[in-house]
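# Topology and contacts: notes
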Amino acid sequence: MSTPVFKNYINGQWVESESGQTFENRNPANTDELIGLFQKSTPGDVKRAIDAAAEAYKSWRLYPAPKRGELLYKLAEELLAHKEEYSRDMTREMGKAISETRGDVQEAIDMTYYMAGEGRRLYGMTTPSELPNKFNMTVRQPLGVCSFITPWNFPMAIPSWKMMPALICGNTVVIKPATDTPLSVVNLFKACEKLGIPKGVINLVTGPGGPLSDALITDDRVRIVSFTGSTEIGRKVSSACAAKFKHSCLEMGGKNVQIVMEDADLDLALEGALWGAFGTTGQRCTATSRLICHKSVVDKFSKMLADRASKIKVGNGLEDSVQMGPCVNQSQLDTVLSYIEIGKKEGAELLTGGKRLTGGAYDKGFFVQPTIFGGVKQSMRLWREEIFGPVLSIGSFDTFEQAVEMANDTNYGLSGSIYTRDINKAYAAMRDVYTGIFYVNAPTIGAETHLPFGGTKDTGNGHREAATAALDVYSEWKSIYVDFSGRIQRAQIDNQ
Ligand code: UN1
(Lines give C-alpha, C1' and ligand atoms only; values in the text may rest on other atoms or scores of the structure.)
Protein backbone atom coordinates (compact mmCIF):
# COMPACT_ATOMS: atom_id res chain seq x y z
CA MET A 1 0.00 0.00 0.00
CA SER A 2 1.35 3.41 -0.86
CA THR A 3 1.95 5.85 1.95
CA PRO A 4 -0.79 8.48 2.28
CA VAL A 5 0.33 12.06 1.84
CA PHE A 6 -1.57 14.70 3.81
CA LYS A 7 -1.75 18.34 2.79
CA ASN A 8 -2.15 21.72 4.41
CA TYR A 9 -5.59 23.30 4.44
CA ILE A 10 -5.48 26.92 3.31
CA ASN A 11 -8.35 29.07 2.11
CA GLY A 12 -10.70 26.11 1.80
CA GLN A 13 -8.28 23.96 -0.25
CA TRP A 14 -5.98 21.03 0.54
CA VAL A 15 -2.62 22.26 -0.75
CA GLU A 16 1.01 21.21 -0.78
CA SER A 17 3.71 23.23 0.89
CA GLU A 18 5.78 25.47 -1.35
CA SER A 19 8.82 23.60 0.03
CA GLY A 20 7.86 20.47 -1.93
CA GLN A 21 8.99 18.55 1.15
CA THR A 22 7.21 16.29 3.61
CA PHE A 23 7.96 14.72 6.99
CA GLU A 24 7.09 11.30 8.36
CA ASN A 25 4.59 10.49 11.08
CA ARG A 26 5.32 7.10 12.64
CA ASN A 27 3.55 5.02 15.27
CA PRO A 28 5.41 5.34 18.60
CA ALA A 29 4.28 1.80 19.52
CA ASN A 30 5.77 0.42 16.32
CA THR A 31 8.10 2.68 14.43
CA ASP A 32 7.96 0.36 11.40
CA GLU A 33 4.47 1.68 10.83
CA LEU A 34 4.54 4.83 8.75
CA ILE A 35 1.19 6.57 9.22
CA GLY A 36 1.69 9.15 6.55
CA LEU A 37 3.69 11.98 5.09
CA PHE A 38 2.79 15.52 6.06
CA GLN A 39 3.74 18.86 4.57
CA LYS A 40 6.98 20.38 5.78
CA SER A 41 5.69 23.90 5.55
CA THR A 42 7.54 27.18 5.29
CA PRO A 43 6.95 30.69 6.64
CA GLY A 44 5.60 31.43 3.14
CA ASP A 45 2.87 28.82 3.64
CA VAL A 46 2.06 30.38 6.99
CA LYS A 47 1.80 33.79 5.35
CA ARG A 48 -0.68 32.45 2.81
CA ALA A 49 -2.72 30.90 5.59
CA ILE A 50 -2.77 34.21 7.45
CA ASP A 51 -3.70 36.05 4.21
CA ALA A 52 -6.69 33.72 3.90
CA ALA A 53 -7.66 34.07 7.55
CA ALA A 54 -7.40 37.88 7.41
CA GLU A 55 -9.57 38.05 4.31
CA ALA A 56 -12.17 35.62 5.69
CA TYR A 57 -12.35 37.57 8.94
CA LYS A 58 -13.99 40.50 7.14
CA SER A 59 -17.18 38.52 6.58
CA TRP A 60 -16.96 35.83 9.32
CA ARG A 61 -17.11 38.46 12.06
CA LEU A 62 -20.44 39.59 10.61
CA TYR A 63 -21.86 36.06 10.26
CA PRO A 64 -24.49 35.82 13.03
CA ALA A 65 -23.12 34.06 16.09
CA PRO A 66 -26.14 31.68 16.37
CA LYS A 67 -25.41 30.63 12.77
CA ARG A 68 -21.77 30.08 13.65
CA GLY A 69 -23.14 27.97 16.49
CA GLU A 70 -25.20 25.89 14.07
CA LEU A 71 -22.06 25.07 12.11
CA LEU A 72 -20.32 24.00 15.30
CA TYR A 73 -23.31 21.89 16.27
CA LYS A 74 -23.08 20.08 12.92
CA LEU A 75 -19.35 19.70 13.44
CA ALA A 76 -19.93 18.03 16.82
CA GLU A 77 -22.34 15.58 15.15
CA GLU A 78 -19.76 14.86 12.45
CA LEU A 79 -17.03 14.22 15.01
CA LEU A 80 -19.37 11.91 16.90
CA ALA A 81 -20.10 9.95 13.72
CA HIS A 82 -16.36 9.43 13.16
CA LYS A 83 -15.34 9.03 16.80
CA GLU A 84 -14.01 5.49 16.49
CA GLU A 85 -12.03 6.14 13.32
CA TYR A 86 -10.47 9.33 14.70
CA SER A 87 -9.67 7.60 18.00
CA ARG A 88 -7.88 4.74 16.27
CA ASP A 89 -5.88 7.17 14.12
CA MET A 90 -4.95 9.05 17.25
CA THR A 91 -3.71 5.97 19.07
CA ARG A 92 -1.63 5.09 16.02
CA GLU A 93 0.08 8.46 15.90
CA MET A 94 0.29 9.27 19.58
CA GLY A 95 0.33 5.92 21.39
CA LYS A 96 -2.17 6.36 24.21
CA ALA A 97 -4.66 3.58 24.87
CA ILE A 98 -7.74 3.49 22.67
CA SER A 99 -10.08 4.12 25.63
CA GLU A 100 -8.14 7.35 26.22
CA THR A 101 -8.12 8.49 22.61
CA ARG A 102 -11.90 7.97 22.59
CA GLY A 103 -11.91 10.29 25.59
CA ASP A 104 -9.80 12.82 23.69
CA VAL A 105 -12.16 12.87 20.70
CA GLN A 106 -15.11 13.02 23.14
CA GLU A 107 -13.55 16.06 24.79
CA ALA A 108 -13.43 17.75 21.37
CA ILE A 109 -17.08 16.81 20.81
CA ASP A 110 -18.09 18.17 24.23
CA MET A 111 -16.27 21.42 23.60
CA THR A 112 -17.83 21.79 20.17
CA TYR A 113 -21.39 21.27 21.46
CA TYR A 114 -20.71 23.58 24.37
CA MET A 115 -19.42 26.43 22.20
CA ALA A 116 -22.24 25.85 19.67
CA GLY A 117 -24.65 26.74 22.47
CA GLU A 118 -22.65 29.86 23.29
CA GLY A 119 -23.59 31.19 19.85
CA ARG A 120 -26.99 32.02 21.33
CA ARG A 121 -25.53 33.55 24.47
CA LEU A 122 -22.20 35.41 24.23
CA TYR A 123 -23.82 37.62 26.82
CA GLY A 124 -22.78 41.16 27.55
CA MET A 125 -24.30 43.47 30.17
CA THR A 126 -26.58 46.41 30.25
CA THR A 127 -26.18 48.86 33.09
CA PRO A 128 -27.74 52.21 34.05
CA SER A 129 -26.02 55.39 32.99
CA GLU A 130 -25.12 58.11 35.46
CA LEU A 131 -26.75 60.54 33.00
CA PRO A 132 -30.44 60.80 32.10
CA ASN A 133 -31.67 59.47 28.75
CA LYS A 134 -28.58 57.45 28.10
CA PHE A 135 -28.18 53.69 27.66
CA ASN A 136 -25.04 51.70 28.50
CA MET A 137 -24.04 48.19 27.47
CA THR A 138 -21.11 45.90 26.85
CA VAL A 139 -20.67 43.63 23.85
CA ARG A 140 -18.03 41.07 22.98
CA GLN A 141 -16.07 41.74 19.80
CA PRO A 142 -13.71 39.26 18.12
CA LEU A 143 -9.99 39.98 17.86
CA GLY A 144 -9.24 38.87 14.30
CA VAL A 145 -6.77 36.21 13.21
CA CYS A 146 -5.76 33.69 15.90
CA SER A 147 -2.61 31.52 15.73
CA PHE A 148 -2.64 28.20 17.54
CA ILE A 149 0.40 26.10 18.35
CA THR A 150 -0.89 22.84 19.78
CA PRO A 151 0.67 19.85 21.57
CA TRP A 152 0.75 16.11 20.90
CA ASN A 153 -0.67 14.81 24.17
CA PHE A 154 -4.29 15.78 23.44
CA PRO A 155 -4.11 15.92 19.66
CA MET A 156 -7.76 16.73 19.02
CA ALA A 157 -9.10 17.94 22.36
CA ILE A 158 -6.64 20.80 22.83
CA PRO A 159 -6.95 22.18 19.27
CA SER A 160 -10.72 22.15 19.82
CA TRP A 161 -10.39 24.01 23.15
CA LYS A 162 -8.82 26.82 21.16
CA MET A 163 -10.65 26.62 17.85
CA MET A 164 -14.27 26.37 19.03
CA PRO A 165 -14.36 29.40 21.33
CA ALA A 166 -12.34 31.41 18.80
CA LEU A 167 -14.78 30.59 16.01
CA ILE A 168 -17.93 31.20 18.01
CA CYS A 169 -16.64 34.65 18.94
CA GLY A 170 -16.12 35.45 15.24
CA ASN A 171 -12.36 35.04 14.86
CA THR A 172 -10.53 33.19 12.10
CA VAL A 173 -7.87 30.61 12.74
CA VAL A 174 -4.47 29.30 11.64
CA ILE A 175 -3.31 26.19 13.45
CA LYS A 176 0.03 24.41 13.55
CA PRO A 177 -0.29 21.03 15.24
CA ALA A 178 2.60 19.19 16.89
CA THR A 179 4.74 17.27 14.40
CA ASP A 180 4.07 14.02 16.28
CA THR A 181 0.29 14.24 15.86
CA PRO A 182 -0.79 16.14 12.73
CA LEU A 183 -3.26 13.46 11.61
CA SER A 184 -5.75 14.20 14.40
CA VAL A 185 -5.95 17.83 13.33
CA VAL A 186 -6.23 16.79 9.68
CA ASN A 187 -9.19 14.65 10.81
CA LEU A 188 -10.71 17.60 12.64
CA PHE A 189 -10.38 19.68 9.46
CA LYS A 190 -11.85 16.90 7.32
CA ALA A 191 -14.89 16.96 9.59
CA CYS A 192 -15.09 20.78 9.29
CA GLU A 193 -14.73 20.67 5.52
CA LYS A 194 -18.11 19.03 4.97
CA LEU A 195 -20.09 21.68 6.82
CA GLY A 196 -19.85 24.78 4.72
CA ILE A 197 -17.59 26.83 6.96
CA PRO A 198 -16.62 29.72 4.66
CA LYS A 199 -13.18 29.42 3.05
CA GLY A 200 -10.30 30.94 4.94
CA VAL A 201 -12.02 30.79 8.34
CA ILE A 202 -9.93 27.79 9.41
CA ASN A 203 -6.45 27.03 8.11
CA LEU A 204 -3.98 24.27 8.89
CA VAL A 205 -0.23 24.32 8.33
CA THR A 206 1.92 21.36 9.38
CA GLY A 207 5.63 21.17 10.06
CA PRO A 208 8.27 21.52 12.74
CA GLY A 209 8.16 24.60 15.04
CA GLY A 210 10.98 27.16 14.88
CA PRO A 211 10.53 29.35 11.79
CA LEU A 212 6.88 28.29 11.39
CA SER A 213 6.01 29.29 14.93
CA ASP A 214 7.89 32.56 14.48
CA ALA A 215 5.84 33.30 11.37
CA LEU A 216 2.64 32.47 13.24
CA ILE A 217 3.54 34.82 16.08
CA THR A 218 5.18 37.79 14.40
CA ASP A 219 2.77 38.55 11.54
CA ASP A 220 1.11 41.87 12.37
CA ARG A 221 -2.32 40.60 11.39
CA VAL A 222 -2.31 37.93 14.11
CA ARG A 223 -3.98 39.36 17.21
CA ILE A 224 -3.63 36.43 19.60
CA VAL A 225 -1.42 33.39 19.93
CA SER A 226 -2.63 30.44 21.95
CA PHE A 227 0.02 27.93 22.89
CA THR A 228 0.02 24.72 24.90
CA GLY A 229 3.39 23.16 25.63
CA SER A 230 6.49 23.61 27.74
CA THR A 231 7.11 26.58 30.01
CA GLU A 232 10.43 27.13 28.21
CA ILE A 233 8.78 27.63 24.79
CA GLY A 234 5.80 29.43 26.35
CA ARG A 235 8.18 32.05 27.74
CA LYS A 236 9.48 32.72 24.21
CA VAL A 237 5.95 32.95 22.82
CA SER A 238 5.03 35.35 25.60
CA SER A 239 8.00 37.67 24.98
CA ALA A 240 7.49 37.66 21.22
CA CYS A 241 3.82 38.58 21.70
CA ALA A 242 4.62 41.23 24.30
CA ALA A 243 6.91 43.03 21.86
CA LYS A 244 3.89 43.66 19.63
CA PHE A 245 1.25 43.86 22.37
CA LYS A 246 -0.47 40.78 21.02
CA HIS A 247 -2.54 38.74 23.37
CA SER A 248 -1.22 35.34 24.32
CA CYS A 249 -2.94 32.49 26.08
CA LEU A 250 -0.42 30.03 27.47
CA GLU A 251 -0.98 26.62 29.02
CA MET A 252 2.32 25.19 30.18
CA GLY A 253 3.88 22.78 32.64
CA GLY A 254 2.62 21.09 35.75
CA LYS A 255 4.03 19.25 38.75
CA ASN A 256 0.74 18.15 40.19
CA VAL A 257 0.38 16.71 43.63
CA GLN A 258 -1.93 14.17 45.21
CA ILE A 259 -2.15 14.49 49.00
CA VAL A 260 -3.09 11.34 50.91
CA MET A 261 -4.18 12.07 54.51
CA GLU A 262 -4.01 9.49 57.30
CA ASP A 263 -7.79 9.04 57.24
CA ALA A 264 -8.03 8.59 53.44
CA ASP A 265 -9.76 5.63 51.84
CA LEU A 266 -6.50 4.09 50.68
CA ASP A 267 -8.08 1.83 48.09
CA LEU A 268 -9.72 4.83 46.46
CA ALA A 269 -6.54 6.91 46.73
CA LEU A 270 -4.68 4.03 45.09
CA GLU A 271 -6.95 3.97 42.04
CA GLY A 272 -6.67 7.76 41.80
CA ALA A 273 -2.89 7.75 41.98
CA LEU A 274 -2.51 5.01 39.37
CA TRP A 275 -4.81 6.76 36.93
CA GLY A 276 -3.37 10.21 37.65
CA ALA A 277 0.27 9.14 37.34
CA PHE A 278 0.19 6.54 34.59
CA GLY A 279 -2.84 7.49 32.49
CA THR A 280 -1.64 8.82 29.11
CA THR A 281 1.79 7.42 30.09
CA GLY A 282 2.08 10.38 32.46
CA GLN A 283 2.09 12.70 29.47
CA ARG A 284 -0.60 15.07 30.70
CA CYS A 285 -0.02 18.57 32.00
CA THR A 286 -2.39 17.47 34.75
CA ALA A 287 -0.58 14.17 35.50
CA THR A 288 0.08 13.26 39.12
CA SER A 289 3.80 13.70 39.38
CA ARG A 290 4.18 14.07 43.14
CA LEU A 291 2.34 12.11 45.77
CA ILE A 292 2.61 13.05 49.40
CA CYS A 293 1.39 10.77 52.13
CA HIS A 294 0.92 11.15 55.84
CA LYS A 295 3.92 9.46 57.49
CA SER A 296 1.66 6.96 59.28
CA VAL A 297 0.48 5.48 55.97
CA VAL A 298 3.34 6.20 53.58
CA ASP A 299 5.01 2.77 53.80
CA LYS A 300 1.82 0.84 53.41
CA PHE A 301 0.52 3.05 50.59
CA SER A 302 3.85 3.02 48.73
CA LYS A 303 3.85 -0.78 48.76
CA MET A 304 0.25 -0.89 47.51
CA LEU A 305 1.16 1.50 44.70
CA ALA A 306 4.37 -0.25 43.65
CA ASP A 307 2.60 -3.59 43.58
CA ARG A 308 -0.20 -2.37 41.33
CA ALA A 309 2.02 -0.21 39.10
CA SER A 310 4.23 -3.20 38.36
CA LYS A 311 1.16 -5.03 37.01
CA ILE A 312 0.06 -2.31 34.57
CA LYS A 313 -0.07 -3.76 31.09
CA VAL A 314 2.12 -1.69 28.78
CA GLY A 315 1.89 -2.07 25.02
CA ASN A 316 0.25 -1.00 21.81
CA GLY A 317 -2.73 1.15 22.76
CA LEU A 318 -4.90 -0.38 20.05
CA GLU A 319 -5.05 -3.62 22.05
CA ASP A 320 -8.02 -3.39 24.36
CA SER A 321 -6.25 -4.93 27.34
CA VAL A 322 -3.34 -2.47 27.21
CA GLN A 323 -3.49 0.13 29.98
CA MET A 324 -0.45 2.23 29.16
CA GLY A 325 1.01 3.04 25.75
CA PRO A 326 4.54 4.17 24.82
CA CYS A 327 6.17 7.56 25.23
CA VAL A 328 5.35 9.68 22.20
CA ASN A 329 8.88 9.71 20.72
CA GLN A 330 12.53 8.92 21.30
CA SER A 331 13.33 12.24 22.88
CA GLN A 332 10.48 11.93 25.38
CA LEU A 333 11.65 8.41 26.24
CA ASP A 334 15.22 9.70 26.69
CA THR A 335 13.97 12.43 29.02
CA VAL A 336 12.10 9.90 31.14
CA LEU A 337 15.10 7.57 31.32
CA SER A 338 17.40 10.45 32.20
CA TYR A 339 15.13 11.51 35.09
CA ILE A 340 15.16 7.93 36.36
CA GLU A 341 18.95 8.12 36.49
CA ILE A 342 18.81 11.53 38.14
CA GLY A 343 16.41 10.15 40.77
CA LYS A 344 18.73 7.27 41.58
CA LYS A 345 21.75 9.56 41.83
CA GLU A 346 19.89 11.98 44.07
CA GLY A 347 19.27 9.14 46.49
CA ALA A 348 15.56 8.55 45.97
CA GLU A 349 14.48 4.94 46.41
CA LEU A 350 13.33 3.18 43.25
CA LEU A 351 10.23 1.25 44.34
CA THR A 352 9.21 -0.16 40.97
CA GLY A 353 9.98 0.16 37.26
CA GLY A 354 12.90 2.25 36.13
CA LYS A 355 13.68 0.55 32.85
CA ARG A 356 12.96 0.78 29.20
CA LEU A 357 10.87 -2.21 28.10
CA THR A 358 12.65 -4.36 25.56
CA GLY A 359 12.21 -7.65 23.76
CA GLY A 360 9.72 -8.66 21.05
CA ALA A 361 7.31 -5.93 20.00
CA TYR A 362 8.70 -3.60 22.68
CA ASP A 363 11.87 -3.15 20.63
CA LYS A 364 9.89 -1.30 17.96
CA GLY A 365 8.45 1.32 20.27
CA PHE A 366 9.28 3.83 23.01
CA PHE A 367 8.08 1.80 25.99
CA VAL A 368 9.10 2.36 29.58
CA GLN A 369 7.96 0.76 32.82
CA PRO A 370 5.64 2.62 35.16
CA THR A 371 8.13 3.97 37.69
CA ILE A 372 7.79 5.02 41.31
CA PHE A 373 10.37 6.61 43.58
CA GLY A 374 9.97 6.79 47.35
CA GLY A 375 11.71 9.03 49.86
CA VAL A 376 11.70 11.99 47.47
CA LYS A 377 12.87 15.22 49.11
CA GLN A 378 11.85 18.75 48.19
CA SER A 379 15.41 19.60 47.19
CA MET A 380 15.54 16.90 44.51
CA ARG A 381 15.09 17.53 40.80
CA LEU A 382 12.56 14.68 40.80
CA TRP A 383 10.41 16.84 43.03
CA ARG A 384 10.90 20.11 41.20
CA GLU A 385 11.02 19.44 37.44
CA GLU A 386 8.29 18.38 35.08
CA ILE A 387 9.11 14.97 33.60
CA PHE A 388 6.06 14.35 31.38
CA GLY A 389 6.29 10.59 31.64
CA PRO A 390 5.22 7.68 33.86
CA VAL A 391 7.35 8.58 36.86
CA LEU A 392 5.75 9.19 40.25
CA SER A 393 7.68 10.66 43.19
CA ILE A 394 6.49 9.97 46.74
CA GLY A 395 7.23 12.10 49.77
CA SER A 396 5.77 12.19 53.29
CA PHE A 397 4.52 14.74 55.83
CA ASP A 398 3.62 15.04 59.50
CA THR A 399 0.88 17.65 59.59
CA PHE A 400 -1.79 18.98 57.25
CA GLU A 401 -0.06 22.39 57.27
CA GLN A 402 3.13 20.75 56.11
CA ALA A 403 1.24 18.92 53.34
CA VAL A 404 -0.10 22.22 52.01
CA GLU A 405 3.34 23.80 52.21
CA MET A 406 4.80 20.88 50.25
CA ALA A 407 1.97 20.90 47.71
CA ASN A 408 2.69 24.57 46.99
CA ASP A 409 6.46 24.08 46.89
CA THR A 410 6.68 24.14 43.10
CA ASN A 411 6.97 26.70 40.32
CA TYR A 412 3.86 25.26 38.72
CA GLY A 413 0.19 25.43 39.66
CA LEU A 414 -2.07 23.45 37.37
CA SER A 415 -3.82 20.72 39.32
CA GLY A 416 -3.85 19.17 42.78
CA SER A 417 -5.87 16.70 44.78
CA ILE A 418 -6.53 15.55 48.33
CA TYR A 419 -7.81 12.22 49.58
CA THR A 420 -9.37 12.54 53.02
CA ARG A 421 -12.63 11.84 54.87
CA ASP A 422 -12.21 14.98 56.97
CA ILE A 423 -14.43 17.66 55.48
CA ASN A 424 -12.61 20.44 57.30
CA LYS A 425 -9.25 19.40 55.82
CA ALA A 426 -10.82 19.02 52.38
CA TYR A 427 -12.16 22.59 52.48
CA ALA A 428 -8.92 24.00 53.84
CA ALA A 429 -7.00 22.28 51.03
CA MET A 430 -9.49 23.55 48.42
CA ARG A 431 -8.70 27.05 49.65
CA ASP A 432 -4.97 26.80 50.32
CA VAL A 433 -3.44 24.72 47.54
CA TYR A 434 -2.58 27.35 44.95
CA THR A 435 -3.56 25.74 41.65
CA GLY A 436 -6.06 26.45 38.88
CA ILE A 437 -7.74 23.06 39.32
CA PHE A 438 -8.30 21.06 42.50
CA TYR A 439 -9.94 17.73 43.24
CA VAL A 440 -11.28 16.16 46.41
CA ASN A 441 -11.16 12.36 46.53
CA ALA A 442 -10.41 12.25 42.81
CA PRO A 443 -7.19 12.18 40.77
CA THR A 444 -5.42 15.27 39.44
CA ILE A 445 -6.54 14.49 35.87
CA GLY A 446 -9.98 14.58 34.31
CA ALA A 447 -11.06 18.20 33.85
CA GLU A 448 -14.48 18.75 32.24
CA THR A 449 -14.95 21.13 29.34
CA HIS A 450 -17.47 23.48 30.96
CA LEU A 451 -15.15 24.50 33.79
CA PRO A 452 -12.17 26.81 33.32
CA PHE A 453 -8.90 24.98 32.61
CA GLY A 454 -5.51 26.44 33.43
CA GLY A 455 -3.05 27.09 36.17
CA THR A 456 -1.23 29.52 38.40
CA LYS A 457 2.44 30.54 38.53
CA ASP A 458 4.60 29.16 35.68
CA THR A 459 1.73 27.05 34.35
CA GLY A 460 -0.03 29.92 32.67
CA ASN A 461 -0.30 33.64 32.09
CA GLY A 462 -3.55 34.28 33.89
CA HIS A 463 -5.94 33.05 31.21
CA ARG A 464 -8.14 29.99 31.30
CA GLU A 465 -9.21 27.74 28.47
CA ALA A 466 -12.60 25.99 28.18
CA ALA A 467 -15.87 27.11 29.77
CA THR A 468 -17.06 30.69 29.32
CA ALA A 469 -13.57 31.72 30.48
CA ALA A 470 -12.39 30.91 26.94
CA LEU A 471 -14.77 33.53 25.56
CA ASP A 472 -12.83 36.12 27.52
CA VAL A 473 -9.68 35.00 25.71
CA TYR A 474 -11.16 35.15 22.20
CA SER A 475 -13.18 38.33 22.53
CA GLU A 476 -12.60 41.82 23.83
CA TRP A 477 -15.14 43.93 25.64
CA LYS A 478 -16.52 46.98 23.95
CA SER A 479 -18.41 49.40 26.19
CA ILE A 480 -21.13 51.24 24.29
CA TYR A 481 -22.90 54.42 25.40
CA VAL A 482 -26.05 55.51 23.58
CA ASP A 483 -27.20 59.03 24.39
CA PHE A 484 -30.84 59.64 23.46
CA SER A 485 -31.24 62.95 25.29
CA GLY A 486 -30.64 65.04 22.17
CA ARG A 487 -28.20 67.29 24.03
CA ILE A 488 -24.54 67.22 24.94
CA GLN A 489 -24.10 65.48 28.27
CA ARG A 490 -20.72 65.34 29.91
CA ALA A 491 -20.04 62.40 32.18
CA GLN A 492 -18.76 63.25 35.67
CA ILE A 493 -19.45 66.92 35.03
CA ASP A 494 -23.12 67.89 34.73
CA ASN A 495 -25.02 64.77 35.67
CA GLN A 496 -27.82 66.58 37.53
C1 UN1 B 1 -3.39 18.35 29.29
O2 UN1 B 1 -2.79 17.48 29.88
O3 UN1 B 1 -2.77 19.23 28.67
O4 UN1 B 1 -7.89 17.20 32.75
C5 UN1 B 1 -4.86 18.40 29.17
C6 UN1 B 1 -7.39 16.36 32.00
C7 UN1 B 1 -7.78 16.38 30.55
C8 UN1 B 1 -7.04 17.42 29.80
C9 UN1 B 1 -5.56 17.42 30.04
N10 UN1 B 1 -9.19 16.59 30.44
O11 UN1 B 1 -6.59 15.55 32.39
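The environment of the ligand is made up of Glu107, Asn153, Phe154, Ile158, Trp161, Arg284, Cys285, Thr286, Ile445, Gly446, Ala447 and Phe453. Between the ligand and the protein, one listed contact pairs an oxygen atom with a side-chain N or O atom of Thr286 at 2.8 Å. At 3.0 Å from an oxygen atom of the ligand is found a main-chain nitrogen or oxygen belonging to Gly446. Here the ligand, which alone exposes 320 Å², has 99% of that area covered by the protein. Grouping the amino acids of the shell around the ligand by side-chain chemistry returns 7 nonpolar, 3 polar and 2 charged. Built from parts of two domains, the shell around the ligand gets at least three residues from each of domain 1 (5-252 + 460-479) and domain 2 (256-440).

Bringing the sheet that holds strand S4 (residues 22-27) into the picture now. Across a sheet, paired strands are connected by hydrogen bonds in the backbone, their directions being either parallel or antiparallel. Taken in spatial order, the 3 strands make up an open sheet running S1-S5-S4, and their pairing is mixed. The sheet terminates laterally at strand S1 (5-6) and S4, the two strands that pair on one side only. Strand direction decides the pairing type here: S4 and strand S5 (residues 30-39), joined by 6 bridges, are antiparallel. Its bridge partner being in S5, Asn25 is matched across the sheet by Gly36. Taken strand by strand, helix H3 (residues 83-94) contacts S4 and S5, and its axis lies near 100 degrees from that of S4. Set on the sheet, helix H6 (residues 182-193) makes contact with S1, S4 and S5; between it and S5 the angle comes to about 50 degrees.

Under the definition given, this model contains 30 salt bridges. Of the charged contacts in the structure, one is a salt bridge between Lys344 and Glu341, with a shortest N-O distance of 3.1 Å. Of this pair, Lys344 and Glu341 both sit in helix H11 (residues 330-346), 3 residues apart, roughly one helical turn. Classification of Glu341 as partly exposed rests on a relative accessible area of 37%. Connected through salt bridges with shared partners, the residues Lys47, Asp51, Asp219 and Arg221 form a single ionic network.

Below, the discussion takes up the layout of surface pockets. Of the voids in this model, the largest pocket is the one considered here, and its volume is about 880 Å³. Looking at the largest pocket, it is lined by 35 residues, and the ones nearest its centre are Trp152, Phe227, Gly229, Ser230 and Ile233. At the level of secondary structure, the elements contributing two or more residues to the lining of the largest pocket comprise helix H7 (211-218), strand S11 (222-228), helix H8 (231-243) and H11. In terms of residues, the lining of the largest pocket owes the most to one element, H8, which gives 5 residues. Split by residue class, the lining of the largest pocket holds 14 nonpolar, 15 polar and 6 charged.

Where helix H4 (residues 98-118) contacts helix H5 (residues 157-168), the axes come no closer than 9 Å and their chain directions differ by 10 degrees. What the angle tells us is that H4 and H5 run roughly parallel. Residues Asp104, Glu107, Ala108, Met111, Thr112, Met115, Ala116 and Glu118 of H4 touch H5, and the partners they reach there are Ala157, Ser160, Trp161, Met164, Pro165 and Ile168. When grouped by side-chain class, the residues that make up the contact of H4 with H5 number 9 nonpolar, 2 polar and 3 charged.

Right, let's talk about the state of the cysteines for a bit. Each disulfide consists of a covalent bond between the sulfur atoms of two cysteine residues. Counting across every chain of the model gives 0 disulfides. Free cysteine: Cys169, not disulfide-bonded; nearest cysteine sulfur from Cys146 at 8.7 Å.

Only a minority of non-glycine residues have a phi that is not negative, and only a minority of peptide bonds are not trans. If you check the backbone angles, Phe245 has positive phi at about 55 degrees while not being a glycine. Mapped onto the elements of the fold, Phe245 is located in the loop between H8 and strand S12 (247-251). For Phe245, a relative accessible area of 71% corresponds to the exposed category. The phi dihedral of Asn441 is positive, around 55 degrees, even though this residue is not glycine. Along the chain, Asn441 falls in the loop between strand S20 (437-440) and strand S21 (456-457). Owing to a relative accessible area of 31%, Asn441 belongs among the partly exposed residues under this scheme.

Our focus in this paragraph is the nonpolar core. Ranked by size, the top nonpolar core spans 67 residues in total, and within it Leu79, Met163 and Ile202 carry the most contacts. When residues in this core are grouped by element, the largest group, 8 residues, is from H5. The two domains that each donate at least three residues to this core are domain 1 (5-252 + 460-479) and domain 2 (256-440). Setting aside anything within four residues of it in sequence, one finds Met163 in contact with Phe148, Val173, Leu188, Phe189, Cys192 and Ile202. Formed by 30 residues, the second largest nonpolar core is a distinct cluster that contains Ile342, Ala348, Phe373 and Phe397.

In many analyses, interface size is given as the accessible surface area lost on bringing the parts together. When its domains are assigned, the chain resolves into domain 1 (5-252 + 460-479) and domain 2 (256-440). One C-alpha centre belongs to domain 1, the other to domain 2, and the line joining them spans 31 Å. On the side of domain 2, 26 residues touch domain 1, which itself brings 22 residues to the contact. When the two sides are added together, the surface that domain 1 and domain 2 hide from each other amounts to roughly 2,000 Å², 58% of it contributed by carbon and sulfur. Counting across the interface, domain 1 meets domain 2 through 2 salt bridges. Lys364 is paired through a salt bridge with Asp32; the nearest N and O atoms lie 2.6 Å apart. Summed over the shared surface of domain 1 and domain 2, the result is 7 residue pairs in polar contact (both at pLDDT 80 or more). Element by element, the count of residues in the side of domain 1 that touches domain 2 is highest for H3, at 4 residues. Across the side of domain 1 that touches domain 2, the residue classes break down as 8 nonpolar, 7 polar and 7 charged.

Conventions and cut-offs
Residues numbered from 1 in each chain as written. Predicted model: local features only at pLDDT ≥ 70, side-chain atom pairs only at ≥ 80, totals over all residues. Heavy atoms only, no water. Near = heavy atom within 4 Å. Polar contact = N/O pair within 3.5 Å; in protein donor to acceptor, adjacent residues only side chain to side chain. Areas by Shrake-Rupley, 256 points an atom, 1.4 Å probe, with all protein chains shown as cover. Nonpolar A, V, L, I, M, F, W, Y, C, P; charged D, E, K, R; others polar. Domains from an automatic or database assignment. Pairing = 2+ DSSP bridges. Helix = DSSP H or I, 4+ residues; strand = E, 2+ residues; numbered from the N terminus. Contact = heavy atoms within 4.5 Å. Axes fitted to C-alpha atoms, helices over the stretch in contact; angles between N-to-C directions. Salt bridge = Lys/Arg side-chain N within 4 Å of Asp/Glu carboxyl O. Buried < 20%, exposed > 50% of the residue type's maximum accessible area, 1.4 Å probe, protein only. 1 Å grid on protein atoms, 1.4 Å probe; cavity = no way out; pocket = protein on both sides within 12 Å on 5 of 7 lines; lining within 4 Å. Points joined across faces, edges and corners; volume = space filled by probe spheres on them. Parallel < 35°, antiparallel > 145°, perpendicular 65-115°, else oblique. Disulfide = S-S within 2.5 Å. Core = buried A, V, L, I, M, F, W, Y, C linked by side-chain atoms within 4.5 Å. Buried area = accessible area lost by both parts, 1.4 Å probe.

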